[in-house]
Amino acid sequence: MKKNVNISVEYLTRVEGHGNIVINVKEGKLDTCRLDIVEAPRFFEGMLRGRSIFEAQHITSRICGICACGHTLASIQAAEDALGITPTEQTIKLRKLLLHYEMLDSHILHIYLLVAPDLLGVKSFVPLIGSHNEVVRRALRMKKTFNDLCDILVGRHVHPISATVGGFTKLPNPKDLDAMLDMLKGMRPDMDATVELVTSLKFPEFERDTEYVALVSDSSEYPFLMGAIGSTDGVRMDKRDYKKITNEFVVPHSSAKHAKLCRESYAVGALARFNLNSEKLHPKAKEVVTALGLKPKCINPYLNTVAQLVECVHCLEDAISILEDLKGNLNYNEEIVVGLNEHGRIPVRAGNGVGAVEVPRGILFHNYEIDEKGIIRDANCIIPTSQNTGNIEYDMMKLVPEILDRTGEEITLAIEMLVRSYDPCISCSTHFLDIKFINA
Amino acid sequence: MYVILGKERFNDFISRLSEMRRLFAPAVLKGYNNFAFEKVTSGKEIAIKYIPTILPPKKFFIPQRETLLEFNIAQGIDAEAVVEYEPMTIFGVHTCDLAGIQCLNMVFSERPKDYNYLTRGSKIVLIGLECNEYCDEYASCNLVNATFPCGGYDLFFTDLGDYFVIHVNTRSGDEIIKEIGSFEKVDTSHINELEKLREKKRKVFGNEVPIEGKHIPELFDRSFGASVWKDLEERCLACGNCTNVCPTCYCFDIRDEVELNLESGIRYRVWYSCQLEPFAKVAGGINFRKERSARQKHRYYRKFRYPVDRFTRFFCTGCGRCTRTCMAGISLKETLNDLIKESES
Amino acid sequence: MEKMVIKDSSYRIKKAKILHTKKMTENEKFFEIVLKSGESLDHEPGQFVMISLLGIGEIPISVCSSPTRRDSFDICVRAVGKVTTCIHKLEAGDEVGIRGPYGKGFPVSILEGNSLLIIAGGLGIAPLRSLINYVLANRRDFGMVHILLGCKEPKELLFSEELEQWNERTDLYYACTVDRAAPDWAGNVGLITTLIPGVDIEPVRTFAAVVGPPVMYKFVIKELLAKEIPERQILLSFERHMKCGNGKCGRCQIQSLYCCQDGPVFNYEQIKNMSEAF
Amino acid sequence: MEKPKVAFFDFACCEGCQLQVANIGEGLLDVLGSIDVVEFREVMSEKWDKELDVAIIEGSITNPHAVERIKQIRERAKVLIAYGSCATIGGVNGMKNNFSFDDIRKYVYGDSYQFFPTEITKAVHQAVKVDYFVNGCPIYIPEFITVLKAVLQGIPYDVPDYPVCVECKLNENVCMYDREVTCLGTVTKAGCNSWCINNGNICYGCRGMVSNPNEKGAQDVLTKYKIPMDLVLNKMNMYNKCREIF
Ligand SMILES: Cc1cc2nc3c(=O)[nH]c(=O)nc-3n(C[C@H](O)[C@H](O)[C@H](O)COP(=O)(O)OP(=O)(O)OC[C@H]3O[C@@H](n4cnc5c(N)ncnc54)[C@H](O)[C@@H]3O)c2cc1C
Ligand code: SF4
Ligand code: SF4
Ligand code: SF4
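Residues numbered from 1 in each chain as written. Chains lettered and ligands numbered in written order. Predicted model: local features only at pLDDT ≥ 70, side-chain atom pairs only at ≥ 80, totals over all residues. Heavy atoms only, no water.

Novice: Describe in detail the domain arrangement of chain D, supporting the description with residues and values.
Specialist: All names here are of chain D. Each assigned domain of chain D is listed with its residue range as follows: domain 1 (5-153) and domain 2 (164-245). Each partner contributes residues to the interface: domain 1 has 21 residues there, and domain 2 has 15 residues. Taken over both partners, the interface formed by domain 1 and domain 2 buries close to 1500 Å², and the fraction arising from carbon and sulfur atoms is 59%. Considering only the surface of domain 1 that becomes buried against domain 2, Ile89, Asn98 and Tyr140 emerge as the three largest contributors, covering 35% of it. Where domain 1 touches domain 2, the interface holds one salt bridge. Ionic pairing is found between Arg207 and Glu143, a salt bridge with its closest N-O pair at 2.8 Å. Applying the counting rule to domain 1 against domain 2 returns four residue pairs in polar contact (both at pLDDT 80 or more). (Domains from an automatic or database assignment. Contact = heavy atoms within 4.5 Å. Buried area = accessible area lost by both parts, 1.4 Å probe. Salt bridge = Lys/Arg side-chain N within 4 Å of Asp/Glu carboxyl O. Polar contact = N/O pair within 3.5 Å; in protein donor to acceptor, adjacent residues only side chain to side chain.)

Novice: An account of the packing of helix α8 (residues 228-235) of chain B against helix α13 (residues 332-344) of chain B is requested, with residue identities and associated values reported.
Specialist: All names here are of chain B. For the pair α8 and α13, interaxial distance at closest approach is 10 Å and the crossing angle is 145°. Residues Val228, Trp229, Leu232 and Arg235 of α8 touch α13, and the partners they reach there are Glu334, Thr335, Asp338, Leu339 and Glu342. A breakdown of the residues in the contact of α8 with α13 according to their chemical character gives four nonpolar, one polar and four charged. (Axes fitted to C-alpha atoms, helices over the stretch in contact; angles between N-to-C directions. Helix = DSSP H or I, 4+ residues; strand = E, 2+ residues; numbered from the N terminus. Nonpolar A, V, L, I, M, F, W, Y, C, P; charged D, E, K, R; others polar.)

Novice: Pulling in residues and values, what's your account of the nonpolar core?
Specialist: Grouped together as the largest cluster of nonpolar side chains are 256 residues, with contacts concentrated most on A:Tyr101, A:Phe146, A:Met396, B:Phe220, B:Phe304 and D:Phe144. Residues within four places of A:Met396 in sequence aside, it is in contact with A:Ile21, A:Ile23, A:Cys33, A:Arg34, A:Leu35, A:Pro401, A:Ile415, A:Leu418 and A:Val419. In terms of nonpolar packing, the next biggest core, distinct from the first, is built from 130 residues, B:Phe35, B:Phe311, C:Val178 and C:Leu235 among them. (Core = buried A, V, L, I, M, F, W, Y, C linked by side-chain atoms within 4.5 Å. Buried < 20%, exposed > 50% of the residue type's maximum accessible area, 1.4 Å probe, protein only.)

Novice: Residues and numbers for the side chain of B:Arg295, please.
Specialist: Residue and element names in this part refer to chain B. Relative to the helices and strands, Arg295 resides in helix α10 (residues 292-304). Since its relative accessible area comes to 1%, Arg295 is described here as buried. Excluding anything up to four places from it in sequence, Arg295 contacts Ala238, Cys274, Gln275, Leu276, Glu277, Arg289 and Lys290.

Novice: I'd love a proper account of the site of ligand 4, names of residues and values included.
Specialist: The immediate surroundings of ligand 4 are formed by A:Arg156, D:Thr188, D:Cys192, D:Trp195, D:Cys196, D:Ile197, D:Cys203, D:Tyr204, D:Gly205, D:Cys206 and D:Arg207. Around ligand 4 the close residues trace back to chains A and D. In terms of residue class, the shell around ligand 4 is built from seven nonpolar, two polar and two charged. (Near = heavy atom within 4 Å.)

Novice: Outline the pairing of strand β3 (residues 34-39) of chain B, supporting the account with residue identities and numerical values.
Specialist: All names here are of chain B. With five bridges joining them, strand β2 (residues 22-31) and β3 adopt antiparallel strand pairing. Paired with Phe24 across the strands is Lys39, a residue of β3. Between β2 and β3, which pair antiparallel in sequence order, lie two residues; one of them, Tyr32, sits at a positive phi of approximately 55°. (Pairing = 2+ DSSP bridges.)

Novice: Account for the pattern of salt bridges, naming residues and giving values.
Specialist: In this structure the tally under the stated criterion is 80 salt bridges over all chains. Between A:Asp209 and A:Lys297 there is a salt bridge, with its nearest N and O atoms 3.0 Å apart. Residue A:Asp209 is located in the loop between α8 (188-200) and β6 (211-216), and its partner A:Lys297 is located in the loop between α11 (283-292) and α12 (304-326); the two are separated by 88 residues in the primary sequence. Judged by relative accessible area, which is 40%, A:Asp209 ranks as partly exposed. Its salt-bridge partner being C:Glu153, residue C:Arg180 comes within 3.4 Å of it at the nearest N-O pair. In this pair, C:Arg180 sits in the loop between β10 (173-178) and β11 (188-189) while C:Glu153 sits in the loop between β9 (145-151) and α4 (160-168), placing the two residues 27 residues apart along the sequence. What you see here is one network of salt bridges that share partners, running through C:Glu32, C:Arg69, C:Asp74, C:Arg129 and C:Glu162.

Novice: Let's hear about unusual backbone geometry: which residues, and what values?
Specialist: With an omega dihedral of -5°, the bond running from A:Pro296 to A:Lys297 counts as a cis peptide bond. Of note, the amide linkage connecting C:Gly100 to C:Pro101 takes the cis form, showing an omega dihedral of 10°. Positionally, C:Pro101 belongs in strand β7 (residues 95-102). Although it is not a glycine, B:Ala238 sits at a positive phi angle of roughly 55°. Here B:Ala238 lies in the loop between α8 and α9 (241-244). The residue D:Glu15 is not glycine, and still its phi comes out positive at about 65°. Here D:Glu15 is to be found in the loop between β1 (5-10) and α1 (16-22).

Novice: Lay out α8(A) with the relevant residues and their values.
Specialist: Residue and element names in this part refer to chain A. Helix length check: α8, at 13 residues, gives a terminal C-alpha distance of 18 Å against a target of 18 Å (1.5 Å per residue), a fit within 8%. Among the residues making up α8, those that are buried are Asp190, Met191, Thr194, Val195, Leu197 and Val198. Buried residues of α8, viewed axially, fall in a sector of 160°; they line one side. Facing away from the buried surface of α8 by more than 90 degrees, the exposed residues are Pro189, Glu196 and Ser200. Buried residues in α8 make contact with α4 (89-119), α6 (133-154), α11 and α12. (Expected span 1.5 Å × (residues − 1). Arc of directions from axis to C-beta.)

Novice: With reference to specific residues and values, describe the site of ligand 2.
Specialist: Residues and elements named next belong to chain B. Within the structure, ligand 2 sits among Cys236, Leu237, Ala238, Cys239, Gly240, Asn241, Cys242, Gln275, Gln296, Arg299, Cys326 and Ile330. Secondary-structure elements contributing two or more residues to the shell around ligand 2 are α9 and α10. Grouping the amino acids of the shell around ligand 2 by side-chain chemistry returns seven nonpolar, four polar and one charged.

Novice: An account of the confidence of the model for chain D is requested, with residue identities and associated values reported.
Specialist: When pLDDT is averaged along chain D, the result is 85, and 89% of the positions lie at 70 or above. Across the predicted assembly, pTM comes out at 0.89 and ipTM at 0.88. (pLDDT = per-residue confidence, 0-100.)

Novice: Outline the sheet that holds strand β14 (residues 376-382) of chain A, supporting the account with residue identities and numerical values.
Specialist: Pairing between the strands of a sheet is mediated by backbone hydrogen bonds and can be parallel or antiparallel. All names here are of chain A. Strand order in the open sheet formed by three strands is β12-β13-β14, and the pairing between neighbours is antiparallel. Looking at the sheet topology across the chains shown, the edges are occupied by β12 (351-359) and β14. When the angles between neighbouring strand axes are averaged without regard to direction, this sheet yields 10°. With six bridges joining them, strand β13 (residues 362-370) and β14 adopt antiparallel strand pairing. What sits directly across from Glu369, in β14, is Asp378. This element, helix α2 (residues 53-61), spans β13 and β14 of the sheet and lies at about 150° to β13.

Below is the structure:
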């Protein structure tokens, strides 16, 4: 059957930011297949020049409200790297905790509000309020709890306040620690119910072998905050060499820059982390893995959502252990006042620093070059979604011919779901991706 | 009546006290030589030596946000005036802050009486604590006669080294003494010690500003047009800190808030400040105190001139908070000095 | 936290019902109100009430009817902001909350036996209508009564039917002026101060009652002093931002005076040295 | 009474304010009980192209396409709310106005910079009329709900026109100047409950300046505390650059 399909999804919904999907099949042959990013460019790296390194984290957090804590942590890591600061052990623990909270918050949002409606056959969570009220309530309750946890730890989730270069400007008091523990433990039944829900959902079957990239390390810990860059094709390199792996290049069919390592494209995100580090997951998360029949290396991109669920279980349990470890042992003398470092309490030097942090959607890089006064001369941020864009397009290219027998509407939905399963964060990625407007 | 509490019994006293009612006291927590009245349950948490807290104890008498009415407008209107209160003890109130509470008492018992204030106040037990030394260079309690206790408390503690001597001023003070029972009788040597301390204080706490209290109203009568105010126009940031931290400032705003159903809701009052831009603005956009200088002037007149006619006392207790808190460095003592200089020249 | 109902709270509101409304001009609306308890408001001319729209806010509004009418009272509201705009949406049958009356009004018992020079600018007619109607109801107790009225444009004139009646009465002197005339306007044009020199009064036995926008006072007072009316007999009503009406919230202070309790009506002698008053 | 039809739209922003709305949690269901959300791209696939009772706008206006789009939304909407610093004051996007646009485009996009049209960053009210403002980066949820209620009641909401210090004092924080760092609370509009200072950080001025700031006085304070002026002026620009447009 020779078929013409012309799909143009303008303003893809239920993703963060503005993206368009363009697919054009002429007489059964795939002619165009693109994910375009149409978010207005915001020029963050450009705006960072000339500003104090102590402001970088507050500015770059505003790249994306969804992974604001991730950007903050990557930015702080890069800044500390450039300044030559080694954070204390307590600070590192608290940062890990923060990253767990964000992972939980973001994954839950994605699973429930963005993906579940597709699998339950509705357009958004709003109809679910009637049909699946308990599920919606649970989703909002979980979302709110993880958000509240961030509030307690760093003031707020969107653009965290107290996590700064050098440490924390406010440490949770003993009551806060207890409250956080109670809240996390209280989430266990909801998490179990979430596992049950996801187990009951049927994800589309589709596979494409690709390279997966994530942080790896020699420690026994599932790496989120620290480590080297690793890939399922066997690459391992220092985070400072990030430019080699992201390897941006221009593809002929689109003006969007793509990233590749050993193959034409690679993927980052929960599935990538799972594929590389699954043996380091918390035992309880491993149970879920077995129950769901997930095995590395899993190459069905739709199952990224499932990998997110596995990470949720891991993060919840690991956060509880971190807190139990911190309880009663927090050293409040480590609370710092930084401001703009106007009185030079933190020694400043010229340097170049890289931050590489696993945020919900995959590995995130920040890189700053600063002068001897701590003023940013050069800045570069590479966001997970932009690393994934190429891979998404290759997935689409493989998927479309396989489902050409379906109706246009069904194809559109399948493609939208594919893109959504990557949990793309387009607002983040726009500040370096090229943009092209399509007249569909 | 006086009694004695040995220092070794202090922690026990505080724990017992905190079991009777919720207990608030100047806490050590804040750092940077800043203190605050906070809930405590043990003596360790209390700063016996402290300079005036960021907010004065007025925060317990006039909460920053206080419900006045509860209403429902689903059918017609249905509203009830309410007061929310909590029995509590405040320990460690300096004489300046006791004077501040006395000022507030006067204002809110003037007719029409404010039963929200009066009800709440009647549930608060006040335990004073003597300052043996000047807090810092910002204090001017002597100028306004607030250095020595003069009523306004249930119990009053004076630290005399190994022990506190305690003046029992009211029946509820007496009840505490009876209930806790860790106290001893005074003998004359204790009272002599107390007198000695007071004598020493009289020497140390001098006139902070070269003017006698009784002449201050005249000074202000002469100074309405003084250029000193113009200078404040340049400096004041209109942040309202000076009034929020003042133990005798009580201006407020009243607002309504409804639930999302738009049917039930509350009317509440919140602290407000004459230093803020919208304070005296009326319909048509006229602002009766548009200039920062006019607002600053108003603040000083409300401390040193207007209340003298109405209440025969100053509404400044010399605690020094307004000066301490002002990042623009506007200093009460300095302003008074400048006014004196200007009126003499 | 414990909670208690306070029966005699000064913030308690009385339920009231709107009996009748009338759109008077583009921006002003008239309301006749009755207290649901059946009691009389029992105010003095020049006093005000706090009107509550629960959930929106509470504002001071002058009572504009005479206390001699005891079963209901009137207010006239200009829509300028949040609460006033919402009041305009109300119609007969709707409920509002009332506190008050508050403040010191015109001291009618002292005014008795004297002549009156009543000067109203714009919305200032509202509290003065209360006084005028009181005086007319007790006309025998007063000497000469002059009413001078001013506003920007003829279409802004309030209570126009009553104005016509006043104009026709022989027991009072009535004059009206506008800043800008409309084509069909036959009356005076010019500021209200231009009317004052023309009135024939015996200053020592005359009280002036003046209410209008803040800009008006300085000039009117100058004219009245020129007429040799004693300072103590010049009565002025002031508008200030008000929240509580109880002399506590501090918003309405004019130096040491609280407009809500010590005023809103003051005599000129009381406030002539208060630069914040003008 | 029929529930008002409400739509959320985003322009150049980080979408954090939308997320704040999602963060209301179960309380969101109460909100949804009193409004009818007809479009919210981030969480819903439904679209709506008819008349709107309320349009809630996030993000700044940074290119010609956005100007057109916001104008169309304004025409369809009875009430328009700008929320978040990007929409209310231009926000961090305004920092772009510090640079020559060609320069910044080349820096970020290299040779292909001409694909990226950009123009001066504007707050929403600098492009169309705005009825309600919810300032903040991100928005403070209690304030957002207050504004929503005001919209439902049909009454205006006034953003507090006094400094963050007021709320900061009520929270009994140790002033940042006592800790020897600069704080923009003195000139920034309150309404966030001094969020940042409560958490040990300084105010970055995300809610925009009060209408009548004493800029000279604020500078004197910096001198008094020996704080380098350029650092602070730069910081002022982080959020307030768009103030200079009109
Ligand atoms: C003693 C007295 C008698 C009054 N009599 C009348 C009257 O008979 N008819 C009439 O229409 N108006 C009268 N007013 C004015 C009326 O109170 C204000 O117009 C009204 O409060 C504005 O409220 P709003 O909510 O509509 O305006 P808002 O939306 O709150 O604000 C509009 C403007 O009014 C100012 N304003 C707000 N609240 C008050 C307040 N409580 N007092 C003064 N200004 C305020 C604001 O600062 C702002 O500039 C009187 C005022 C006083 C003090
Ligand atoms: S604290 Fe200082 S700057 Fe702030 S209002 Fe008072 S005098 Fe002005
Ligand atoms: S910390 Fe900032 S907001 Fe708070 S009082 Fe000081 S200057 Fe004002
Ligand atoms: S404290 Fe300042 S920066 Fe922080 S939320 Fe408030 S206004 Fe914004």
